[in-house]
Structures are given as structure tokens and as C-alpha cells.
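Here are the chains, one letter per residue:
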Amino acid sequence: MRHLVANIATYTIAALLILGSALFAWMRSSQLVLSDEYATLARYEPTPEHDFEWREVGEHAYASNCRNCHGREGLGWDQYPGLTDTARLFAAPGGREYLVELHLHGLTSPRWGAPMPSMGHMQDVELAAVLNHVLTHFGNTPPTGARLYVPADIAALRGPKRSPWEVNALRPGGDARAAEQGAPRRQE
Ligand code: HEC
């Protein structure tokens, strides 16, 4: 009799453990669907029904991919430039493409002591969103009537790898600004 009770207890515990792990596995797998990056990001893509919903993605992408170097308020620090001048670059001839290229391939210039790493691993949705985020924050105002980025703008510029120095040559005004201000320019 004692054996029977002990066996029932053992089987009950075993059954509960199996049930518990099955429940856990089920929860994990449904969570996995929720956090699938492609699927989640695709929801923000522009469609005929709604515009590109970039605000939330842009804020999130900035915090996880840019903030460490460019700062919470986009002011930069040490070797890392501030992003307070990005709307001016965007408005200059070739600036719209330059901003995308520097994200796809990285940037090395004589202006700063550190390179900007390539952000090409980020999805088109994230890159378009983070650029729009920068262009509307940190004191930047995009030119009136300017069309902000959509994911297709990023996709259109993905192509053969460029060197970060080549990207620097695409910068509107080249190094003129650094020359004006005495290169290498550092932000205190
Ligand atoms: C590891 C540090 C680092 C990260 C992360 C980083 N950057 Fe940069 N970024 C730099 C550095 C350094 C430069 C300047 C490079 C140079 O001129 O040689 C730069 C340059 C830039 C410029 C161009 C400034 C100009 O005057 O031409 C923009 C715009 C920019 N970053 C935006 C971003 C955004 C948006 C992100 C996130 C998606 C990001 N960066 C992530 C370090 C970083």
C-alpha cells in the first residue's frame, strides 16, 4: 500500500513536470513568433492603406544601434560626432543618398578619430525609420515639403560594397566644412 501511494505521488509529479515543460515550450514558441524581427518589422512597411509608420521603430532602432556612440540627445561625445546637423546634410545636393550610404557601408573621414561602422545588417524598415528619427530630433528639422525616407529608398541603394573612404567622398561639400573648422574636428 505504501508503495502504491509513493508510486502515485511519483507519477503525479512526473506528469506535472511534463505538462509544465510542454506549457513552457508552447509559451516560448508563441513568443518567438511575436519577436520574429522580419515579421514584426514588416507590419510597419508602407502599404496602400497606411503610410510608413516609422516613429516607434525609429526611436527603438536609435536606442539600440546609435545611442552608445551618438548619445541619448544626439550630441555625440569624445570621438563621436553629434547628429544636430543631419537635416542640413540631408537638404544638400546628394545628401539624401549620402546618409543612406554611410549607414550601409560605414564612414571613415579625417574629421573624426573613429570610424562609423556599417549598419548594413539593419533591415530597410529600421534604417529608413532611424534616419527619419534623426531628421526630426536633436534640433533637426527636415526642409519643408521634403519627402522623408521609406524602406524602398534604402533597398534601392543596397549594392556592391563600398569602402568607408569612398562613402566620405560622397559627403555633400566633401571635407570643405572640416577645412573651415580645422580638421580633425572634435566635439568637446
Ligand atoms: C560605434 C560607434 C557608432 C555607432 C554605433 C553609430 N555611429 Fe554614426 N558615426 C560614428 C562616427 C565615429 C562617425 C564619424 C565618422 C567619420 O567622420 O570618420 C559617425 C558619423 C555619422 C553620421 C555622419 C555625420 C557627418 O557629418 O557626415 C551620421 C548621420 C551618423 N553617424 C548617424 C548614425 C546613426 C543614425 C546610427 C545608428 C543607426 C549610428 N550613426 C551609429 C560612430 C558611430
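- Labelled according to an unreviewed UniProt entry, the protein appears under the name Cytochrome C oxidase, cbb3-type, subunit III, originating from Myxococcus virescens.

1. Considering the coordination of the iron atom of the ligand
- Binding of the iron atom of the ligand to the protein goes through His 70 (NE2) and Met 116 (SD), at separations of 2.0 to 2.1 Å.
- Coordination geometry of the iron atom of the ligand: the six donor atoms subtend angles of 86 to 178 degrees at the metal centre, consistent with an arrangement described as octahedral. Linking His 70 in helix α4 (residues 67–70) with Met 116 in the loop between α6 (95–105) and α7 (124–135), this pair joins segments that are 46 residues apart in sequence. For the pair His 70 and Met 116, one class covers both residues: buried.

2. Things to note about the site of the ligand
- Taken together, 26 residues are adjacent to the ligand, and Cys 66, Cys 69, His 70, Ser 109 and Met 116 come closest.
- Here Tyr 98 contributes a side-chain N or O atom positioned 2.6 Å from an oxygen atom of the ligand.
- Taken together, the elements giving at least two residues each to the shell around the ligand come down to α4 and α6.
- For the shell around the ligand, the element with the highest residue contribution is α6, accounting for four residues.
- Of the residues assigned to the shell around the ligand, the class counts are 18 nonpolar, six polar and two charged.

3. Re α7
- With twelve residues, α7 should cover 16 Å at 1.5 Å per step; its first-to-last C-alpha distance of 17 Å lies within 8% of that length.
- Of all the twelve residues making up α7, eleven are buried; the element is thus mostly covered by neighbouring parts of the structure.
- Among all positions in α7, only Val 125, Glu 126, Leu 127, Ala 128, Ala 129, Val 130, Leu 131, Asn 132, His 133, Val 134 and Leu 135 are buried.
- Looking at the buried positions of α7, the neighbouring elements they touch are α2 (37–42), α3 (55–65), α5 (86–91), α6 and α8 (151–157).

4. Concerning the confidence of the model for the protein
- Mean pLDDT over the protein: 88, with 87% of residues reaching 70 or higher.
- In the model of the protein, helix α10 (residues 176–181) stands out as the element of lowest mean pLDDT, 46, in contrast to α6, which has the highest, 98.

5. Details of the side chain of His 133
- Tracing the chain through its elements places His 133 in helix α7.
- Ignoring sequence-local partners within four residues, the contact set of His 133 consists of Trp 54, Gly 58, Glu 59, Tyr 62 and Phe 138.

6. Looking at the pattern of salt bridges
- Scanning the model with the defined rule gives six salt bridges in all.
- Between Arg 158 and Asp 124 there is a salt bridge; the shortest N-O distance is 2.7 Å. Placement of the pair is Arg 158 in the loop between α8 and α9 (164–169) and Asp 124 in helix α7, with a sequence separation of 34 residues.
- Residue classification places Arg 158 among the partly exposed residues on the basis of a relative accessible area of 35%.
- Overlapping salt bridges bring together Arg 96, Arg 147 and Asp 153 as one network.

7. What to know about the packing of α3 against α7
- Between α3 and α7, whose axes approach to 7 Å, the crossing angle comes to 90 degrees. Judged by the angle between their axes, α3 and α7 are roughly perpendicular. Each of Val 57, Gly 58, Glu 59, Ala 61, Tyr 62 and Asn 65 in α3 lies in contact with α7, whose residues at this interface are Val 125, Glu 126, Ala 129, Val 130, His 133 and Val 134.
- Here the contact of α3 with α7 is composed, by residue class, of seven nonpolar, three polar and two charged.

8. With respect to a negative patch on the surface
- Negative charge collects at one region of the surface, where Asp 51, Glu 53, Glu 56 and Glu 59 lie side by side.
- Here Glu 56 lies in helix α3.
- Under the relative-accessibility criterion, Glu 56 is labelled exposed at 54%.

Criteria and cut-off values
Residues numbered from 1 in each chain as written. Predicted model: local features only at pLDDT ≥ 70, side-chain atom pairs only at ≥ 80, totals over all residues. Heavy atoms only, no water. Donors = N, O, S within 2.8 Å, 3.2 Å for Na, K, Ca; no water. Tetrahedral: all angles 85-135°; square planar, octahedral: opposite > 155°, others 65-115°. Helix = DSSP H or I, 4+ residues; strand = E, 2+ residues; numbered from the N terminus. Buried < 20%, exposed > 50% of the residue type's maximum accessible area, 1.4 Å probe, protein only. Near = heavy atom within 4 Å. Polar contact = N/O pair within 3.5 Å; in protein donor to acceptor, adjacent residues only side chain to side chain. Nonpolar A, V, L, I, M, F, W, Y, C, P; charged D, E, K, R; others polar. Expected span 1.5 Å × (residues − 1). Contact = heavy atoms within 4.5 Å. pLDDT = per-residue confidence, 0-100. Salt bridge = Lys/Arg side-chain N within 4 Å of Asp/Glu carboxyl O. Axes fitted to C-alpha atoms, helices over the stretch in contact; angles between N-to-C directions. Parallel < 35°, antiparallel > 145°, perpendicular 65-115°, else oblique. Patch = residues over 30% accessible without salt bridge, like charges linked within 9 Å, V, L, I, M, F, W, Y side chains within 5 Å. Areas by Shrake-Rupley, 256 points an atom, 1.4 Å probe, with all protein chains shown as cover. Lys, Arg positive; Asp, Glu negative; His and termini not counted. Charge placed at Lys NZ, Arg CZ, Asp CG, Glu CD.

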